[in-house]
Amino acid sequence: MELQQLLNYIVHLLTAAVILMQQIKAAKPALMPPAPALTADQLKNYMPPYPKIASGRGTVRVSSAPQTLDQMLAMVRHFNPRSGVKQPKVYGRLNGFKPMSIPIVFHLLGYQDKGGTYLPPYNWWAVSAAQHMVTEINKFYRGTGFQFVAKEVRWDPRKYAYLNRGDLLSWQNCGQDCWEALSSRYNVQGGPINIWVAGSFEGAFKCTPVATLCRLGANGLTTVNPGASEDWKPGFEYLPTQLVYINYDRFSPDALNRPGAWEGGAVVAAHEIGHYFGLLHTFEGGCSPPDDAVADTPPNLDPDSGWRPDWLMELTQWCKDFRTGNNPNPSKLLKFKSCPNPDGGDNDRVIDNVFNMMSYLDDVCRMGFTENQVARLQWAALTFRPGMQKKYAKS
């Protein structure tokens, strides 16, 4: 009798497995309409001016002298385990701004291999990976008035058929047109930040050179252009295609979404969320004004193209030593200066933004925001995302 019960149980499991595979195979990608073309106005390098609310009223400064090395070190000292400082500086607020707790919805795209297995194996760790990423994003935004919560993690194609992109190449080819087409139908509207995950550069899911992701070389993107006038108008917060994209390597706990990788997943997500709220790259415009339209970020060139070849490696090692408590010599950072001082002076303590979240430095070096950047984040929320301010303000 016991043997018969065991055989019946095995047959039940096999039947359930067959039904499950049939359901997965039936989850076909939805047909999406083409993304609308950018208008000429969207292609302009336009920087919206600060409105009256950012004229200096409130307790956060909107226009300060460019940071010196000493101020940069003070901004990130809580990342040094030997500093004795556990918390970052808490910045003030623009008049009218209320600190927010903003929900994030994750959309984890996948595909089926030739054997019909649905990949990546999100079912094992999707929710915990999303929660870990949001926890680390919050550390970077602590003291700014912005915090985030993982509201929903969509990973199961049996429940959300649009997540199944078909085969591996289709998963890798889901570029910006694909994300915008998907988001126009499947974004959670009404305020949450929608983060979409697809494509990989490494491991078992590595893309081929013909794939869109390989051609883009993108770790993360946002469809919210912080420099486009068409984006930054009242009411734009309700446009249905607003999203943040990160690739699978940045989300996976086996790759960069972990402490041993300097929280590279949260770094890229925090960087893209910065764009989502109006911040530009610190190297915007190179050495010419108005660069990133933030006064206290010294102008600097893009490290990938404007720095000496050995600088990035040297800075990365310095940051690793700093974050592991080895207390490297700060004077070694004075060499990282790619632009003259904005005021034409000779203050050698004004250097490039060597720790800024909105740079293109290695993950270990991107640790925080300046006070004027925080003011711009708050200004963008007040001016262009008033619905979000009203809905998610902390009581």
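Treat the numbers as computed from the prediction; the structure is a model and nothing was measured.

Conventions we followed
- Residues numbered from 1 in each chain as written.
- Predicted model: local features only at pLDDT ≥ 70, side-chain atom pairs only at ≥ 80, totals over all residues.
- Heavy atoms only, no water.
- Helix = DSSP H or I, 4+ residues; strand = E, 2+ residues; numbered from the N terminus.
- Buried < 20%, exposed > 50% of the residue type's maximum accessible area, 1.4 Å probe, protein only.
- Contact = heavy atoms within 4.5 Å.
- Core = buried A, V, L, I, M, F, W, Y, C linked by side-chain atoms within 4.5 Å.
- Pairing = 2+ DSSP bridges.
- Axes fitted to C-alpha atoms, helices over the stretch in contact; angles between N-to-C directions.
- Salt bridge = Lys/Arg side-chain N within 4 Å of Asp/Glu carboxyl O.
- Arc of directions from axis to C-beta.
- Disulfide = S-S within 2.5 Å.
- Parallel < 35°, antiparallel > 145°, perpendicular 65-115°, else oblique.
- Left-handed = near helix turned anticlockwise from the far one by under 90°.
- Nonpolar A, V, L, I, M, F, W, Y, C, P; charged D, E, K, R; others polar.
- Phe/Tyr/Trp six-rings, centres within 6.5 Å; stacked < 30°, edge-to-face > 60°.
- Lys NZ or Arg CZ within 6 Å of the ring centre and 35° of its normal.

**Focus on the overall build of the protein chain**
Along its length, the protein chain carries 12 helices and 7 strands. Taking all 395 residues of the protein chain together, the buried fraction comes to 52%. At a minimum sequence separation of 6, the contacts of the protein chain that also span at least 24 residues come to 76%.

**Quick notes on the nonpolar core**
The nonpolar side chains of soluble globular proteins are, as a tendency, buried together. Among the nonpolar cores identified, the biggest contains 96 residues, and Phe-277 and Phe-355 are the most heavily contacted of them. In this structure Phe-277 touches Met-100, Ile-102, Phe-146, Ile-193, Trp-232, Arg-376, Leu-377, Ala-380, Ala-381, Arg-385 and Met-388, once residues within four positions along its chain are discounted.

**Looking at the sheet that holds strand 5 (residues 193-197)**
Pairing is mixed in the open sheet, where 5 strands are placed in the order 4-1-5-7-6. Each edge of the sheet is formed by a strand with only one pairing partner; in this case those strands are strand 4 (146-154) and strand 6 (220-222). Averaged over all pairs of adjacent strands, the angle between strand axes in this sheet comes to 25°, irrespective of strand direction. Strand direction decides the pairing type here: strand 6 and strand 7 (residues 244-246), joined by 3 bridges, are antiparallel. Of the residues in strand 7, the one forming a bridge with Leu-221 is Tyr-245. Its contacts with the sheet put helix 3 (residues 126-141) on strand 1 (100-108), strand 4 and strand 7, and the angle it makes with strand 4 is roughly 170°.

**Regarding the pattern of salt bridges**
In total, this model carries 9 salt bridges according to the counting rule given. Taking the shortest distance from any N to any O, the salt bridge between Arg-250 and Asp-363 comes out at 2.7 Å. With Arg-250 in helix 7 (residues 248-251) and Asp-363 in the loop between helix 10 (311-323) and helix 11 (371-384), this residue pair connects regions lying 113 residues apart in the sequence. Assigned by exposure class, Arg-250 and Asp-363 land together as buried. Here Asp-363 ties to Arg-366 by a salt bridge, and the two come within 3.2 Å at their closest N and O atoms. The two residues Asp-363 and Arg-366 agree in class, both being buried. Within the structure, one salt-bridge network assembled from shared partners comprises Arg-250, Asp-363 and Arg-366.

**Re helix 2 (residues 69-76)**
Those residues of helix 2 lying buried are Leu-69, Met-72, Leu-73, Met-75 and Val-76. What you see down the axis of helix 2 is that its buried residues fit within an arc of 155°, all on one side. Turning to helix 2, the residues buried within the fold contact helix 10.

**Considering the state of the cysteines**
Applying the stated criterion across every chain, the model contains 3 disulfides. The disulfide that involves Cys-174 links it to Cys-178, with 2.0 Å between the sulfurs. In this structure the cystine formed by Cys-174 and Cys-178 twists about its S-S bond by roughly -80°; its chirality is therefore left-handed. Given a relative accessible area of 4%, Cys-174 falls into the buried group. The buried category is assigned to Cys-178, whose relative accessible area is 17%. Between the sulfur atoms of Cys-319 and its disulfide mate Cys-365 the distance is 2.2 Å. Judged by the sign of its S-S torsion, about 115°, the cystine formed by Cys-319 and Cys-365 is right-handed. One end of the pair, Cys-319, is in helix 10; the other, Cys-365, is in the loop between helix 10 and helix 11, with 46 residues separating them in the sequence. Judged by its relative accessible area of 0%, Cys-365 falls in the buried class.

**Overview of the packing of helix 3 against helix 8 (residues 264-276)**
Direction vectors running N to C along helix 3 and helix 8 enclose 60°, while the axes themselves pass 9 Å from each other. Between helix 3 and helix 8, the crossing angle belongs to the class labelled oblique. Crossing geometry of helix 3 relative to helix 8 is assigned as right-handed. Facing helix 3, whose interface residues are Met-133, Glu-136, Ile-137, Phe-140 and Tyr-141, helix 8 presents Gly-265, Ala-266, Val-267, Ala-269, Ala-270, Ile-273 and Gly-274. Tallied by class, residues from the contact of helix 3 with helix 8 come to 9 nonpolar, 2 polar and 1 charged.

**With respect to unusual backbone geometry**
The amide bond that connects Leu-119 to the next residue, Pro-120, takes the cis arrangement and shows omega of -10°. Mapped onto the elements of the fold, Pro-120 is located in the loop between strand 3 (118-119) and helix 3. Positive phi outside glycine occurs at Glu-263, with the angle close to 50°. Here Glu-263 lies in the loop between helix 7 and helix 8. For Glu-263, a relative accessible area of 6% corresponds to the buried category.

**Describing the environment of Arg-349**
Along the chain, the position of Arg-349 falls in the loop between helix 10 and helix 11. When its relative accessible area of 27% is taken as the criterion, Arg-349 is described as partly exposed. On a C-alpha basis, the gap between Arg-349 and Leu-69 in space is 5.4 Å, while along the polypeptide they are 280 residues apart. When neighbours within four sequence positions are excluded, Arg-349 is seen to be in contact with Gln-67, Thr-68, Leu-69, Asp-70 and Leu-334.

**Points about the packing of aromatic side chains**
Counted under the stated rule, the structure contains 25 aromatic pairs. Taking the centre distance of 5.7 Å and the plane angle of 70° together, the rings of Tyr-122 and Trp-125 count as edge-to-face. One aromatic cluster is present, built from ring pairs that chain together Phe-106, Tyr-111, Tyr-122, Trp-125, Trp-171, Tyr-248 and Phe-251. Here Arg-385 stacks its cationic end above the ring of Phe-277, 5.4 Å away from the centre of that ring.

Everything listed here is a matter of geometry and, on its own, says nothing about what the molecule does.
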